[in-house]
Amino acid sequence: MENSFIKVASCTSDVYLGDLSKNADSIKENIDLALKNKVKILCFQELNITGYSLMDLYKHKEILDEGLRVLFNIKNYILDKDIFVVVSLPIEYKCNIYIAACALFNGHIIGIQLKTNLPNYQEFFDYKFFSPSFKGADYITLDGEQIPIGNKLLFSCANIDNLIIGIEICEDLWAPISVSVHHALNGATLILNPSASNELIGKDQVRRDLVAITSRKLNCGYIYANAGFGESSQDVCFVSHNIIAEKGSIIAEKNDNHNNQLITDLCLTSLAYARKINSTFKLENDPTYKFINFEFKDCSNTLTRHFSKTPYLIETNTNLKKILDLQIQSLKRRLTGLNCKDVVIGVSGGLDSTLSLLVCYCTFKEMGLDLTKIHAFSLPAFATSTKTKSNAKSLITALGLTYREVDLTEILKVHLKALNHPLDVYDIVFENAQARERTAFLMNYANKVNGLVIGTSDLSEIALGFSTYNGDQMAMYNPNGSIYKTVIRKLIRFIIDNVKENQKLSQVLTDILNTPISPELIPDANMQDTEKIIGPYILHDFFIYHFLHNGLPLNDIYQMAEMTFKNDFDSHIIFNTLKTFIKRFITNQFKRNAMPDSPKILDLSLSTRADLRIPSDIKYEDLLKGLKEN
């Protein structure tokens, strides 16, 4: 975990207007707290050394000199403390006064970023007191050291991969072309923003949106530190709204009217991966930028960040409804394009086929099509349980559809006899024959009615190759192809909550939801609990997201999973399930190469026509070399 994650903090220190010594004490206390929590990068609010509210007093030599005295005191205080700190104060340079953010490291001021965009509208009067930054970088001598100063400074960590820090100050973020845009296009992966944004009703959401969108657009981490209690309330209010974002997601936030410190872990590997796959993210390589190197003594990091068990889904009723709506609209478009009014689907009584059938039903209702043209089949064979067959029938009839059952047992006996295969040998031939016979029947029936075979496989099964090639892997259109198994569970639960007036439908959906997942291809039910065979789907879905969407190393994914699921699974189960995921994912690309059309609805598609292109004949050994169980 040494280079994937780094612990960072946004901080609002206490401000005592006219008493800079007390301001210095608060800054030091917060540095000590950050060090206690193993923070490596700490950003304070705008003008935290003097306070933001001094206005015309900034021009007085006593304030400017006292600000420098405190600055030198703080930079000496962090000597040998192995933390990168940004504090802010007014600095005079060539008879102009600038709002400055000073980067401090190991007892030195290593660079001074100046504010470029000065607000001079509504309640803001920065132009009256300060000058906007000049372009590029120069040098200033402070405390006997020559220090880079300007608005084109980047701080590059020599011993942590992908850590390049840029600083923009408050209004620089709000400008039409923010300073952070140029920082990012010249290599910055982490933006720090010392800010003094006053509070108004609704402005907190504007700040939140602005920080999130900037971090998403620039594929960067963003630390926003805002002014708070202690600033003057003469004309405006400040509430210390602090935010930390990563690739468009707010991963930590405090807005409780108290000066505070906000700590979390940023994933640098994920940021770098996002840029690698983004073809529109092109470097400027502006030669006027000044790169300043620094190096931590200790790069290790103990994760304290909370990770969602389902990072691919912010679970709200609105989001779940949107997923269903997109599935319905996609199927509607396909049927319209083909001028097709019949669909054919195999209903097993399991989660996936249940969702596909519900999507078909809702699509036909929306299009005003004849529901009798939904040809829903139960296709029992050797291992079909009474419970799932009963649930399939109950589901179909609860929707007011025609139940059709075709028992394939006798056909399969003939099929296996032709293969000279015993009926009591439950191997891959025995299993796949059933899956393929079902698909053959559905395909042929679709020809008969000029209909479309609707697939049922979800993203989790597609990733793991847990399907029969040219069996349940195949369809003419699949609405579930980018939906994780765990999300399908949530969708079924959401539907149950919204169909309570239909007691029969609600009851059968609840029973389907509570039935263990199984392909039902072997008569011995104990051998056919899918999650006992390949591991829990909630783990696989967690691995799929962080391996494919975030590009994280397997050791990091394993440790994240250990933290996240420590109350659910022991580490041995997590470790073995991760190994199973990698082995199955790599060796089943040939199935994904032939997957049917399926709309991308969540963050990932495994179609070679969309997100994923890897060879079918690659080995997985190199990927597993670095994976070690704790």
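Just above sits the structure.
Bear in mind the structure is a predicted one, so any value in this text is a computation, not a measurement.

> If you had to explain the packing of helix α14 (residues 485-498) against helix α15 (residues 503-514) to someone new, which residues and values would you point to?
Running from amino to carboxyl end, α14 crosses α15 at an angle of 160°, the nearest separation of the two axes being 9 Å. Relative to α15, the element α14 is oriented roughly antiparallel. Pair α14 / α15 crosses with left-handed handedness. Taking contact as the criterion, the partners of Arg489, Ile492, Arg493, Ile495 and Ile496 in α14 are, on α15, Ser506, Leu509, Thr510 and Leu513. For the contact of α14 with α15, the residue count by class is 5 nonpolar, 2 polar and 2 charged.

> So what about the environment of aspartate 172? Which residues, and what values?
Looking at the element boundaries, aspartate 172 is found in helix α4 (residues 171-174). With 125 residues separating them along the chain, aspartate 172 and lysine 297 place their C-alpha atoms 32 Å apart. Non-local contacts of aspartate 172, meaning those with residues more than four positions away in its chain, are made with Leu114, Lys115, Thr116, Asn117, Ser178 and Val179. Within the structure, aspartate 172 has its side chain in polar contact with the backbone nitrogen of asparagine 117 (distance 2.7 Å).

> Can you tell me about the environment of valine 85, naming the residues and giving the values?
Looking at where valine 85 falls in the secondary structure, it is placed in strand β3 (residues 84-93). Valine 85 sits 239 residues away from leucine 324 along the chain, and the two C-alpha atoms are 47 Å apart. Setting aside chain neighbours within four positions, we find valine 85 in contact with Ile31, Leu42, Phe44, Ile78, Cys102, Ala103 and Leu104.

> I'd like a rundown of empty space enclosed by the protein, residues and numbers included.
One pass over the full model with this rule turns up 2 cavities of 30 Å³ or more. Considering only enclosed or pocket space, the largest cavity measures out at about 110 Å³ in volume. In terms of lining, the largest cavity is formed by 15 residues, of which the most central are Ser457, Ile462, Gln473, Met595 and Pro596. When the residues that make up the lining of the largest cavity are grouped by side-chain class, the tally is 5 nonpolar, 7 polar and 3 charged. Its boundaries defined by the atoms lining it, the second largest cavity holds a volume of some 40 Å³.

> Which residues make up the packing of aromatic side chains, and what values do they have?
Any pair of aromatic rings gets described here by the distance separating the centres and the angle formed by the planes. Taken as a whole and judged by the stated rule, the model has 26 aromatic pairs. Here tyrosine 558 and phenylalanine 575 contribute two aromatic rings whose centre-to-centre distance is 5.4 Å and whose plane-to-plane angle is 70°, an arrangement assigned as edge-to-face. Highlighted residues: tyrosine 558 in helix α18 (residues 554-564) and phenylalanine 575 in helix α19 (residues 571-587), separated in sequence by 17 residues. Phenylalanine 575 matches tyrosine 558 in its accessibility class, with the two residues each being buried. By the ring-pair criterion, three or more aromatic residues cluster together here, those being Phe542, Phe543, Phe547, Phe565, Phe569, Phe581 and Phe585. Over the ring of tyrosine 77 we find lysine 81, and its NZ or CZ is 4.2 Å from the ring centre.

> Which residues make up the sheet that holds strand β18 (residues 403-405), and what values go with them?
Judged by pairing direction, the sheet is parallel, and its 4 strands sit side by side in the order β18-β17-β16-β19 without closing on themselves. Edge positions in the sheet fall to β18 and β19 (452-453), since each has one partner strand and no second. Summarising the sheet, strand β16 (residues 343-346) and β19 pair through 2 bridges and their orientation is parallel. Bridge pairing in β19 links valine 344 to valine 453.

> Could you give an account of the pairing of strand β7 (residues 145-150), naming the residues involved and the relevant values?
Regular strands have side chains that alternate between both faces of the sheet. In this sheet, β7 lies alongside strand β5 (residues 108-114) in parallel orientation, the contact comprising 2 bridges. Across the sheet, residue glutamine 113 finds its bridge partner in β7, namely glycine 150. Of the pairings in the sheet, the one linking strand β6 (residues 137-142) to β7 comprises 6 bridges and is antiparallel in character. In the strand pairing of β7, alanine 137 is matched with glycine 150.

> Which residues make up the side chain of asparagine 186, and what values do they have?
Among the structural elements, asparagine 186 can be located in the loop between α5 (179-185) and β10 (190-195). With a relative accessible area of 6%, asparagine 186 lands in the buried category.

Cut-offs and rules
Residues numbered from 1 in each chain as written. Predicted model: local features only at pLDDT ≥ 70, side-chain atom pairs only at ≥ 80, totals over all residues. Heavy atoms only, no water. Axes fitted to C-alpha atoms, helices over the stretch in contact; angles between N-to-C directions. Helix = DSSP H or I, 4+ residues; strand = E, 2+ residues; numbered from the N terminus. Parallel < 35°, antiparallel > 145°, perpendicular 65-115°, else oblique. Left-handed = near helix turned anticlockwise from the far one by under 90°. Contact = heavy atoms within 4.5 Å. Nonpolar A, V, L, I, M, F, W, Y, C, P; charged D, E, K, R; others polar. Polar contact = N/O pair within 3.5 Å; in protein donor to acceptor, adjacent residues only side chain to side chain. 1 Å grid on protein atoms, 1.4 Å probe; cavity = no way out; pocket = protein on both sides within 12 Å on 5 of 7 lines; lining within 4 Å. Points joined across faces, edges and corners; volume = space filled by probe spheres on them. Phe/Tyr/Trp six-rings, centres within 6.5 Å; stacked < 30°, edge-to-face > 60°. Buried < 20%, exposed > 50% of the residue type's maximum accessible area, 1.4 Å probe, protein only. Lys NZ or Arg CZ within 6 Å of the ring centre and 35° of its normal. Pairing = 2+ DSSP bridges.

In short, the description is geometric, and any link to function would need to be established separately.
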